[in-house]
Amino acid sequence: MEWLHGFDVTAWDTHQWITFATIPVFTGVVGWLINWSGLWMLFSPIRYYGVTIPGMRELVSLMPRKLQEIPGWPEGKVGWQGIVPARAAKMGSIAVDKVIAKLGTPADFYQQLEPERIAEHIIETFRPDLPAMVDQVMMAEQPRLWRDLPRPVRQAVIERVDAQLPNVVTQVTDDIGVQIDQLLDPKILVIDHFKQNPDLVVRLFRDIGKKELDLMVLFGFIFGFLLGIPVAYIDVAVHQWWLLPILGIFVGWTTNLLGMQLIFEPAEPKRILGFKVQGLFLRRQDECAEDYARVIADEVITLERIGDFLVDGPRGDRTRQMLATALRPAIDKAAGPLRGAVRVAMGGNRFDSIRDAVAHEAVGRTIEPFRDPEFSRQQADRMQALVARRTKELPPADFVEMMRAAVKEDEWMLYAHGAVMGAAGGFLHLAVFTWNLLGIF
């Protein structure tokens, strides 16, 4: 305490007392602003806003790797996009690797959606369109034969196909279940959806961590105020004009760092001086798991999106081929005892062509009920229960990873932002109370 020798507070005038007392208040307010604006940096804006600067791309390529990670800079732009939406694809990848992959296999998810109910819904949706589909295919493939057949015979063909429908659809949903691991890639499904919907990732963060994020802003003032007390003593003792901005850098950086640590660390509960210590976010794992499961089940891994992926995704051709193969036997069964005569009458190749045409036409109609939003919502409850249950069972370290890992490597931007604001707060205090630039004292 040598630096406090001769520190005579009794000799202070009112101005010195006010200067001393306002430093913790300033650092507290700056700490609050740092964490408040830090949250804005995390989440806003959803899309990138900025301008292209000629030569910026080449200049950035020469900078340290950390600076090359600032949103927009690698493309030669100066602007900003929220850290979370900018890392939406990475968030999706981590969500799969750290969490969703541990919740179950694609087959587990598919079984949770009740294939039996899916089959019933397909039949219910498909059946009214069946006569038109058969008529459309036959008119395209064999119009004269189809027109010449008596109406009762045509109706009998349609009825035979209709009678086979439940068995065929059940076989289709069973085949999807057997091959789902080859047809569905949850990682691509989730990453693509997160990348296309960065607002969803922001909402995921905010819905799950709202309580902790609000506390982080409040603690910004508390941490800033407490750190400002020693800063005030050091400033008075050393009494150098440049010291307050430098200490402001330390206060700003530390305030943000403490805020992040408060939320996420430690992952596992520890005893310190007899008190249980654990990251605030981890203490609410069960509650947060429910919120996380609701978003995943309602908007990410849904029956509707699975149906889109199966048919239109990167493995859609394989799905269509598998469905057509499963549907072809239905055409043979629909022909029944007449199949041989029909093959002779129109030729084996022609019969096979009609059978294949009916099968391929039926593929799209078979998968269409997957895309029914209302039916998908009905199935979401079971998916939500699965995701919530498995998420609650995750080790705390894995649970916190799903929220923090995507932005952890960018946290230095928040700390640097805090340091800049801390320095600005130091200069502002100097301007008001030391240099009296604002004419207050």
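These figures come from a predicted structure and were not determined experimentally. (Residues numbered from 1 in each chain as written. Predicted model: local features only at pLDDT ≥ 70, side-chain atom pairs only at ≥ 80, totals over all residues. Heavy atoms only, no water.)

Asker: What is the right way to read the pattern of salt bridges from this model?
Answerer: Opposite charge on two side chains permits pairing when their charged atoms draw close. Evaluation of the coordinates by the stated rule reveals five salt bridges. Close ionic contact of Lys 211 with Glu 287 constitutes a salt bridge, the shortest N to O distance being 3.2 Å. Here Glu 287 lies in helix 15 (residues 285-300) and Lys 211 lies in helix 12 (residues 198-238), a separation of 76 residues in the sequence. Residue Glu 287 is classed as partly exposed on the basis of its relative accessible area, which comes to 37%. Among the salt bridges present, the one from Arg 284 reaches Glu 287, with a minimum N-O distance of 3.0 Å. Its relative accessible area of 14% is what places Arg 284 among the buried residues. (Salt bridge = Lys/Arg side-chain N within 4 Å of Asp/Glu carboxyl O. Helix = DSSP H or I, 4+ residues; strand = E, 2+ residues; numbered from the N terminus. Buried < 20%, exposed > 50% of the residue type's maximum accessible area, 1.4 Å probe, protein only.)

Asker: How do you make sense of the packing of helix 11 (residues 186-196) against helix 15 when you look at a structure like this?
Answerer: The description of two packed helices rests on the angle between their axes and on the distance between the axes. For the pair helix 11 and helix 15, the least separation of the axes is 12 Å and the interaxial angle reads 90°. By the angle between their axes, helix 11 is roughly perpendicular relative to helix 15. Contact with helix 11, carried on its side by Leu 189, Val 190, His 193 and Phe 194, involves Ile 296, Glu 299 and Val 300 of helix 15 and no other residues of that element. Residues that form the contact of helix 11 with helix 15 fall into these classes: five nonpolar, one polar and one charged. (Axes fitted to C-alpha atoms, helices over the stretch in contact; angles between N-to-C directions. Parallel < 35°, antiparallel > 145°, perpendicular 65-115°, else oblique. Contact = heavy atoms within 4.5 Å. Nonpolar A, V, L, I, M, F, W, Y, C, P; charged D, E, K, R; others polar.)

Asker: What's the story with the packing of helix 11 against helix 12 in this structure? I'm lost.
Answerer: Relative orientation of the contacting elements helix 11 and helix 12 amounts to 95°, with a least axis distance of 4 Å. Considering their axes alone, helix 11 and helix 12 lie roughly perpendicular with respect to each other. Across from His 193, Phe 194, Lys 195 and Gln 196 in helix 11, the residues of helix 12 making contact are Pro 198, Leu 200, Val 201 and Leu 204. Split by residue class, the contact of helix 11 with helix 12 holds five nonpolar, two polar and one charged.

Asker: How do you make sense of the nonpolar core when you look at a structure like this?
Answerer: Proteins that are soluble and globular tend to have nonpolar side chains buried together. In this structure, Val 84, Ile 176, Phe 194, Phe 281, Ile 301, Met 383 and Met 403 are the most contacted members of the largest nonpolar core, which totals 82 residues. Ile 23, Leu 243, Leu 244 and Val 251 belong to the second largest nonpolar core, which has ten residues in total. (Core = buried A, V, L, I, M, F, W, Y, C linked by side-chain atoms within 4.5 Å.)

Asker: I would appreciate a short explanation of the packing of aromatic side chains in the present structure.
Answerer: One pair of aromatic rings is described through two measures. These are the centre distance and the angle between the planes. Applying the stated criterion across every chain yields a total of eight aromatic pairs. Seen from their ring centres, Trp 32 and Trp 36 are 6.2 Å apart, and the 5° between their planes marks the pair as stacked. Of this pair, Trp 32 and Trp 36 both sit in helix 1 (residues 14-43), four residues apart, which is roughly one turn of that helix. Residue Trp 32 is classed as partly exposed on the basis of its relative accessible area of 35%. When the centroid spacing of 5.5 Å and the interplanar angle of 50° are considered together, the rings of Trp 253 and Tyr 415 count as tilted. Separated by 162 residues along the polypeptide, Trp 253 in helix 13 (residues 243-264) and Tyr 415 in helix 22 (residues 411-434) bring together distant segments of the chain. We classify Tyr 415 as buried; its relative accessible area is 8%. Aromatic ring contacts, followed pair by pair, group Phe 264, Phe 281 and Phe 399 into a single cluster. (Phe/Tyr/Trp six-rings, centres within 6.5 Å; stacked < 30°, edge-to-face > 60°.)

Asker: Would you mind going over helix 10 (residues 151-183) with me for this structure?
Answerer: Counting along an α-helix, one turn takes 3.6 residues, and residues three or four places apart therefore face a common direction. The end-to-end C-alpha distance of helix 10, which contains 33 residues, comes to just 41 Å, noticeably less than the 48 Å that a straight helix rising 1.5 Å per residue would cover. Its axis deflected by about 45° at Gly 177, helix 10 carries its strongest bend there. (Expected span 1.5 Å × (residues − 1). Bend = angle between axes of the 7 residues up to and from the residue.)

Asker: Would you mind showing me how to read the environment of Ile 176 here?
Answerer: Summarising the element assignment, Ile 176 is placed in helix 10. Residue class for Ile 176 comes out buried when judged on its relative accessible area of 1%. C-alpha of Ile 176 to C-alpha of Leu 323: the two residues are 147 residues apart in sequence and 8.2 Å apart in space.

Asker: Is there a simple way to think about the confidence of the model for the chain in this case?
Answerer: Parts of the model with low pLDDT should not have their predicted coordinates read in detail. For the chain, the average pLDDT comes to 76, and 81% of its residues sit at 70 or higher. For the chain, per-element mean pLDDT is lowest for helix 18 (residues 339-346), which scores 48, and highest for helix 13, which scores 86. Contacts for the low-pLDDT stretch residues 1-6, under 50 throughout, to residues beyond four places or in other chains number four contacts. (pLDDT = per-residue confidence, 0-100.)

Asker: How should a negative patch on the surface be read in this particular structure?
Answerer: On the surface, a cluster of negative charge is contributed by Glu 116, Glu 120, Glu 124 and Asp 174. Locating Asp 174 in the fold gives a position in helix 10. Here Asp 174 falls in the partly exposed class, since its relative accessible area comes to 40%. (Patch = residues over 30% accessible without salt bridge, like charges linked within 9 Å, V, L, I, M, F, W, Y side chains within 5 Å. Areas by Shrake-Rupley, 256 points an atom, 1.4 Å probe, with all protein chains shown as cover. Lys, Arg positive; Asp, Glu negative; His and termini not counted. Charge placed at Lys NZ, Arg CZ, Asp CG, Glu CD.)

Asker: Teacher, can you tell me more about unusual backbone geometry here?
Answerer: The phi torsion of most residues other than glycine is negative, and most of the peptide bonds are trans. The omega angle of the peptide bond from Ser 44 to Pro 45 is -10°, so this bond is cis rather than trans. For Pro 45, the location among the structural elements is in the loop between helix 1 and strand 1 (49-52). Pro 266 follows Glu 265 through a cis peptide bond whose omega is -10°. If you trace the backbone, Pro 266 turns up in the loop between helix 13 and strand 3 (270-272).

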